[in-house]
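A closer look at the structure
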Amino acid sequence: MGKLNRAVIQKIEEIKQVKTSPSTIETTDATNKKLRIQFIDEKIVRITATHQPEFEDFSYAVVEQKALNQNLKLEESENELKIASPSLAITLHKKSGSIKYTNFKNQILAQTDPLGICWNENQISVYHTLQEGERFIGLGEKTGPLDRRGQGYTNWNTDNFAYHSGADPLYCSTPFYIGIHNGLLYGIFLDNSFKSFINFGASNNRFSSIMVEGGDLNYYFIGGESVAEIIQHYTQLTGRMPLPPLWSIGYQQCRYSYFPDKEVISVADTFREKDIPADVIVLDIHYMEAYKIFTWHKQHFTNPQQLIQELQSRGFEVVVMCDPGIKTEPGYEPYEDGLKQNIFIKYPDNEPYTAQVWPGWCHFPDFTNPKARAWWGSKFVDYVNLGIKGFWNDMNEIATWGNQLPENLEMDFEGEKDTMRRGRNLYGFQMARATYEGTKKILNNQRPFNLTRAGFSGIQRYAAVWTGDNVASDEHMILGTRMLNSMGLAGIAFCGYDVGGFVGDANPKLFTRWVALGAFSPFFRGHSMVNSRDSEPWSFGEEVEEISRNYIKLRYRLMPYLYSMFYEATQSGLPINRSLAISYPFDAKVYQYQNQYLFGDALLVAPVESYKDLTKVYLPEVNWYELYNDKLYASGENFVECPADKLPVFVKESSILCMQEKRGTNSKDTGNVLELHLYAGKKSNSFKRYEDDGISFEYEQGKFLIQNFKYHPDQRSFIIEKSKGEYLSKFNSYKVYFHGFENLQEVTINQNKHSLQHTNYRFLEPLRSFDPVGHVNEGYKIENLPFITLPASYENISIQW
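A quick note: this is a predicted structure, and the numbers were derived from the prediction, not measured.

Let us look at the overall build of the protein chain. Within the protein chain, the secondary structure is distributed over 13 helices and 53 strands. Against the compact-globule benchmark of 28 Å for 801 residues, the protein chain has a radius of gyration of 27 Å, which places it among compact chains. Taken along the three principal axes of its C-alpha coordinates, the protein chain extends 90 × 70 × 50 Å. For the protein chain, buried positions account for 64% of its 801 residues.

This is the structure in structure tokens:
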């Protein structure tokens, strides 16, 4: 028997050659394995290892790759090379190739295991020593716990229908995580789109590891003093979301599928008749002729333009499903034109790739080819001419029948050429890019809404992401909230799940709870599968309808607060749904109560299963007010009631909650009264309100409004600053409500005394249902809440008490 001709594990050996520049160290070892350490920013370092003659510098994920050329120190001794900024230092051991990452206090943030960086044939891995008590958070759309310690994950975009609570991989890969230990934090982003594996001590107690199956090992080490700062640095690298159209963060109603057109109108009319706010009707694949993209079904949708106009007259926008498969049908214009323009993915022998999906046998555009992206984007002109502004990119993993995408397919990669091994994780990302860039161009200064199922790091620049084909179960509902929190940690601020569950039938209690949770999520859409029961808010009986109406209306009243949080996401990368680990990473209880999250910076949401009427919540650090009744809770663990009509939601002390008074029919129906809810607390706080027209890109030319509100408890004052910017607010008066201010009867406004009014205030309306003896359900209210009404002013308003 002959010997196996296989290479043994190889690691970086003693370094023989060193090249330096002001920002970079490049080394070569005795077997020509190369390592590059390069500062991108004071707290961002890129580390690349290759056995190729040159380093790869191609990336769709990263938007900022400029090297930092100032404030760096380079030191070399007999055994070590060290490059440092004022905040971060990287030390490379010359003989072993080990790497140590330290902060400005010389504390070890992370360090490689003695295994260091290794090659196993074409696989490259880096091993980092597990620190004592180390936790890991992030990775985006992944199942499993908040703390990833002891888990392992695969980055390989996969159509995973009705996935279970431990399934991996799923649709979208964002290989970025944050390490937490001993009061220290760091982030690692793997910028490599080949199939990769990230292990956080699964099946070992020695190391965490990253392994890639092709290309260079290319990762960014990110320092920071907080989780929020590390997310800001990560989104500095990979980009931040643009402002979405305001209507897209309202309630969206979808089904697989609404047809014919009369049913679509009926659904829209029912929302208005039942006084349930909504902004969007979504058309799934049955609007198409034989599931062919860029077509309309001739019998079911005889006059698409009239349908869109009728929906818009009722205050609805339309979102249409867009699948990438182009049916190989002679005479079908996109197929004929795609062949002519030579934009389809091909095998190495130049034959277009063909696979089966909804329309039948299809070709697929190569979205790594700029010509194909432009071609795809131009095809949306007919949709836009009909008045459609919302687009839903689905099946873009690529999903095909058989779910075995060949890896030998060749792709353009901006003229660099590579295979589907590099392209699979990028396909949905670049499809979403093509849709966004194309529709943005055609829409002529109006913002498109763009949604995708598949993506990669950086997808936030082009699309919202939803969690795919979830299941109608309590387990999936709770899993969904945890997944959104994790996606937020990975830079995807605009994300959501299918409320009610896509696969299977929700029961009334489950649907009720899910709508309440969905009202506190960035992307709020009800959706259900073909051949399942109806899942509109009125489909489960009067009580469910009333509770759903209450929470959807509360969502709309929160629009000024929520839209301001979206603006913050465009500026800092911070998510809307914020895992408690962002603010309290070293609090062990946060990982025990891993499903809880902050919705923006003021509201804490405690997801709870639909079958529970009592649950235990954890309120970190300070006092919290129960939203619906102002009951004050001290920090720590607390039991709270959670019947079907009461999702546990709490307001952090010292918060400023900005709302609109009117419970409108859609996002345009705002009224003109802005409510400002001030919650008594010990710490000073501020809130920045953002407003613009909600539809155009004119904010990029300064047509927006920013207004700051400041609370100073030590000075017993609340300041409403005059707004700044070129946009004229829709609100012409304020109602300021004072929560937790005992016996407050009078305030001084700009040195003039004013008496306060008092009211029984409700965030949720009482249910209209009657008990057996005919008494109206009083619901939840805050009794004798003091408030004052003020005209909006062009000057600062100072309120003191």
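Taking burial as the measure, the six residues of strand β22 (residues 317–322) include six buried ones, the bulk of the element. Of the two faces of β22, the one lined by Glu317, Val319 and Met321 and the one lined by Val318, Val320 and Cys322 are each fully buried. Pairing of strand β21 (residues 280–283) with β22, which is carried by four bridges, proceeds in the parallel orientation. Considered in β22, the bridge of isoleucine 281 is made with valine 318. For the crossover from β21 across helix α3 (residues 304–313) to β22, the handedness is right-handed.

The next subject is the nonpolar core. Soluble, globular proteins show a tendency: their nonpolar side chains are buried together. In this structure, Trp376, Phe520, Phe718, Phe738 and Ile799 are the most contacted members of the largest nonpolar core, which totals 219 residues. Other than its neighbours up to four places away in sequence, phenylalanine 520 contacts Tyr551, Leu554, Arg555, Leu558, Asn577, Tyr597, Phe599, Leu603, Val605, Leu647 and Val649. One finds Leu130, Leu139, Ile210 and Leu217 within the second-largest nonpolar core, a separate group that totals 40 residues.

All told, the structure shown has 65 aromatic pairs when counted by the stated rule. Each ring, one from tyrosine 101 and one from phenylalanine 221, has its centre 4.0 Å from the other, and the planes form 10 degrees; the classification is stacked. One end of the pair, tyrosine 101, is in strand β9 (residues 99–103); the other, phenylalanine 221, is in strand β19 (residues 217–223), and 120 residues separate them in sequence. Assigned by exposure class, tyrosine 101 and phenylalanine 221 land together as buried. With a centroid separation of 5.9 Å and an interplanar angle of 50 degrees, the aromatic rings of tyrosine 251 and phenylalanine 271 are classed as tilted. In this pair, tyrosine 251 is assigned in strand β20 (residues 251–255) and phenylalanine 271 in helix α2 (residues 261–273), connecting sequence segments 20 residues apart. Relative accessible area serves as the criterion here: at 0%, phenylalanine 271 is assigned to the buried category.

Attention now goes to empty space enclosed by the protein. Throughout the structure, instances matching the rule amount to six cavities of 30 Å³ or more. As for the largest cavity, its lining consists of 17 residues, and the residues nearest its centre are Phe58, Asp191, Asn192, Ser193 and Arg422. Residue classes in the lining of the largest cavity are distributed as six nonpolar, six polar and five charged.

Here we come to the pattern of salt bridges. Counted according to the given criterion, the structure contains 42 salt bridges. The partner of lysine 379 in a salt bridge is aspartate 337, with the nearest N and O atoms 3.0 Å apart. Taken together, the positions of lysine 379 in the loop between α5 (370–378) and α6 (381–386) and aspartate 337 in helix α4 (residues 333–341) put the pair 42 residues apart, joining distant regions of the chain. You'll find lysine 379 and aspartate 337 in the same group, each marked buried. In this structure, lysine 646 and glutamate 626 form a salt bridge, with 2.7 Å as the shortest nitrogen-oxygen distance. Here the residue lysine 646 occupies a position in the loop between β40 (636–641) and β41 (649–652), and glutamate 626 occupies one in strand β38 (residues 624–626), the gap between them amounting to 20 residues. For the pair lysine 646 and glutamate 626, one class covers both residues: buried.

Around the barrel, eight strands lie side by side as β20-β21-β22-β26-β29-β31-β32-β33; this closed barrel has parallel pairing. Neighbour-to-neighbour, the strand axes of the sheet open up by a mean angle of 25 degrees, direction not taken into account. Direction of pairing for β20 relative to β21: parallel, over a ladder of four bridges. The partner of glutamine 252 across the bridge, within β21, is valine 280. Here α2 sits on the sheet in contact with β20 and β21, set at roughly 160 degrees to β21.

With nine of eleven residues buried, helix α9 (residues 508–518) lies mostly within the body of the structure. Along α9, the positions that sit buried rather than exposed are Leu510, Phe511, Thr512, Arg513, Trp514, Val515, Ala516, Leu517 and Gly518. For α9, the secondary structure elements touched by its buried residues are α8 (474–489), β32 (495–499), β33 (523–526), α10 (542–557), β35 (597–599) and β36 (603–605). Its side-chain oxygen at 3.1 Å from the backbone nitrogen of lysine 509, asparagine 507 defines the N-terminal cap of α9.

This part takes up the environment of lysine 16. Looking at the secondary structure, you find lysine 16 in strand β2 (residues 15–20). Assessed through its relative accessible area of 58%, lysine 16 is described here as exposed. Dropping the residues within four chain positions of it, lysine 16 is found in contact with Thr28, Asp29 and Ala30.

Turning next to unusual backbone geometry. In this structure, the amide linkage connecting aspartate 168 to the following residue, proline 169, adopts the cis form with an omega of 0 degrees. The omega torsion of the bond from glutamate 397 to isoleucine 398 falls at 5 degrees, within 30 degrees of zero and hence cis. Its location among the elements puts isoleucine 398 in the loop between β26 (390–393) and β27 (410–411). A positive phi is found at asparagine 182, a non-glycine position, where the angle reads about 50 degrees. With respect to the element layout, asparagine 182 can be found in the loop between β15 (176–181) and β16 (184–190). A positive phi angle, close to 80 degrees, is found at asparagine 350, a residue other than glycine. Take asparagine 350: it is sitting in the loop between α4 and β24 (355–357). For asparagine 350, a relative accessible area of 53% puts it in the exposed group.

In this section: the side chain of arginine 525. Tracing the backbone shows arginine 525 in strand β33. There is a polar contact of 2.8 Å between the side chain of arginine 525 and the side chain of aspartate 498. Excluding residues that lie within four positions of it along the chain, arginine 525 makes contacts with Tyr251, Gln252, Cys254, Val282, Trp392, Leu451, Trp466, Tyr497, Asp498 and Val499.

Take the environment of arginine 533 next. On the secondary structure map, arginine 533 appears in the loop between β33 and α10. The spacing of arginine 533 and asparagine 507 is 26 residues in sequence and 9.8 Å in space, taken between C-alpha atoms. Arginine 533 has contacts with Arg255, Asp505, Ala506, Ser528, Ser539 and Phe540, leaving out every residue within four places of it along the chain. Within polar-contact distance, the side chain of arginine 533 engages the backbone oxygen of serine 539 at 2.6 Å.

Turning to the sheet that holds β35, a few remarks are in order. Strand order across the open sheet formed by six strands is β34-β35-β36-β41-β38-β39, with antiparallel pairing between neighbours. The strands lining the two open edges of the sheet, one partner per strand, are β34 (577–579) and β39 (632–633). When β38 meets β41, the two strands line up antiparallel, connected through three bridges. Looking across to β41, one finds that tyrosine 625 is bridged to valine 651. Relative to the sheet, α8 contacts β34 and β35, its axis offset from that of β34 by approximately 90 degrees.

The rules behind the values
Residues numbered from 1 in each chain as written. Predicted model: local features only at pLDDT ≥ 70, side-chain atom pairs only at ≥ 80, totals over all residues. Heavy atoms only, no water. Helix = DSSP H or I, 4+ residues; strand = E, 2+ residues; numbered from the N terminus. Rg over C-alpha atoms; globule rule 2.2 N^0.38 Å. Buried < 20%, exposed > 50% of the residue type's maximum accessible area, 1.4 Å probe, protein only. Pairing = 2+ DSSP bridges. Right-handed = clockwise from strand over helix to strand, strands pointing away. Core = buried A, V, L, I, M, F, W, Y, C linked by side-chain atoms within 4.5 Å. Contact = heavy atoms within 4.5 Å. Phe/Tyr/Trp six-rings, centres within 6.5 Å; stacked < 30°, edge-to-face > 60°. 1 Å grid on protein atoms, 1.4 Å probe; cavity = no way out; pocket = protein on both sides within 12 Å on 5 of 7 lines; lining within 4 Å. Points joined across faces, edges and corners; volume = space filled by probe spheres on them. Nonpolar A, V, L, I, M, F, W, Y, C, P; charged D, E, K, R; others polar. Salt bridge = Lys/Arg side-chain N within 4 Å of Asp/Glu carboxyl O. Axes fitted to C-alpha atoms, helices over the stretch in contact; angles between N-to-C directions. Polar contact = N/O pair within 3.5 Å; in protein donor to acceptor, adjacent residues only side chain to side chain.

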